[in-house]
Amino acid sequence: MSLPPGHQQPPTWPRLLVIELLQLPTIALVLWGRWPAALWTAAVIGSFICCAGTDSSWRWRNRLLVLQAVIWLTAALVLG
């Protein structure tokens, strides 16, 4: 998608940073919650945050977020 002349595409790094910061409470839940329920809850919430943060204009950042979602669920399967 091309933008009209004189318009720049907004940087996507702040959005990625917000998505990563939204996962901090889930990491805290994993560290201080009662396992395995805390791990599964954090995995579902963390993977949802990652998938909800994807945007079709990102490409490799989308892949990074989907990989993080898979890691959340895989960690719950292996460690839970």
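Computed from a predicted model, the values in this text were never measured in an experiment.

Novice: Help me get a handle on the side chain of Gln23, residues and values and all.
Specialist: Secondary-structure assignment places Gln23 in the loop between helix H1 (13-22) and helix H2 (24-32). Ignoring sequence-local partners within four residues, the contact set of Gln23 consists of Gly46, Ile49, Cys50, Gln68 and Trp72.

Novice: Please provide a residue-by-residue account of unusual backbone geometry, values included.
Specialist: Cis geometry marks the peptide bond from Trp35 to Pro36, where omega comes out at -5°. Secondary-structure assignment places Pro36 in the loop between H2 and helix H3 (37-52).

Novice: Quick one: what's the story with the packing of H1 against helix H4 (residues 60-79), residue by residue and with numbers?
Specialist: The contact between H1 and H4 brings their axes to 12 Å, and the two run at 5°. One way to sum up the angle between H1 and H4 is to call them roughly parallel. For the pair H1 and H4, the contacting residues are Trp13, Leu16, Ile19 and Glu20 in the first and Trp60, Arg61, Leu65 and Gln68 in the second. Split into classes, the residues belonging to the contact of H1 with H4 amount to 5 nonpolar, 1 polar and 2 charged.

Novice: Got a sec to walk through a nonpolar patch on the surface? Specific residues and values, please.
Specialist: A contiguous nonpolar patch, built from Trp35, Trp40, Val44, Leu73, Leu77, Val78 and Leu79 and spanning about 720 Å² of accessible area, is present on the exposed surface. Of all the elements in the fold, those that place two or more residues in the nonpolar patch are H3 and H4. When residues of the nonpolar patch are assigned to their parent elements, the largest contribution, 4 residues, is made by H4. Secondary-structure assignment places Leu79 in helix H4. Exposure remark for Leu79: the relative accessible area of 52% places this residue in the exposed category.

Cut-offs used in this document
Residues numbered from 1 in each chain as written. Predicted model: local features only at pLDDT ≥ 70, side-chain atom pairs only at ≥ 80, totals over all residues. Heavy atoms only, no water. Helix = DSSP H or I, 4+ residues; strand = E, 2+ residues; numbered from the N terminus. Contact = heavy atoms within 4.5 Å. Axes fitted to C-alpha atoms, helices over the stretch in contact; angles between N-to-C directions. Parallel < 35°, antiparallel > 145°, perpendicular 65-115°, else oblique. Nonpolar A, V, L, I, M, F, W, Y, C, P; charged D, E, K, R; others polar. Patch = residues over 30% accessible without salt bridge, like charges linked within 9 Å, V, L, I, M, F, W, Y side chains within 5 Å. Areas by Shrake-Rupley, 256 points an atom, 1.4 Å probe, with all protein chains shown as cover. Salt bridge = Lys/Arg side-chain N within 4 Å of Asp/Glu carboxyl O. Buried < 20%, exposed > 50% of the residue type's maximum accessible area, 1.4 Å probe, protein only.

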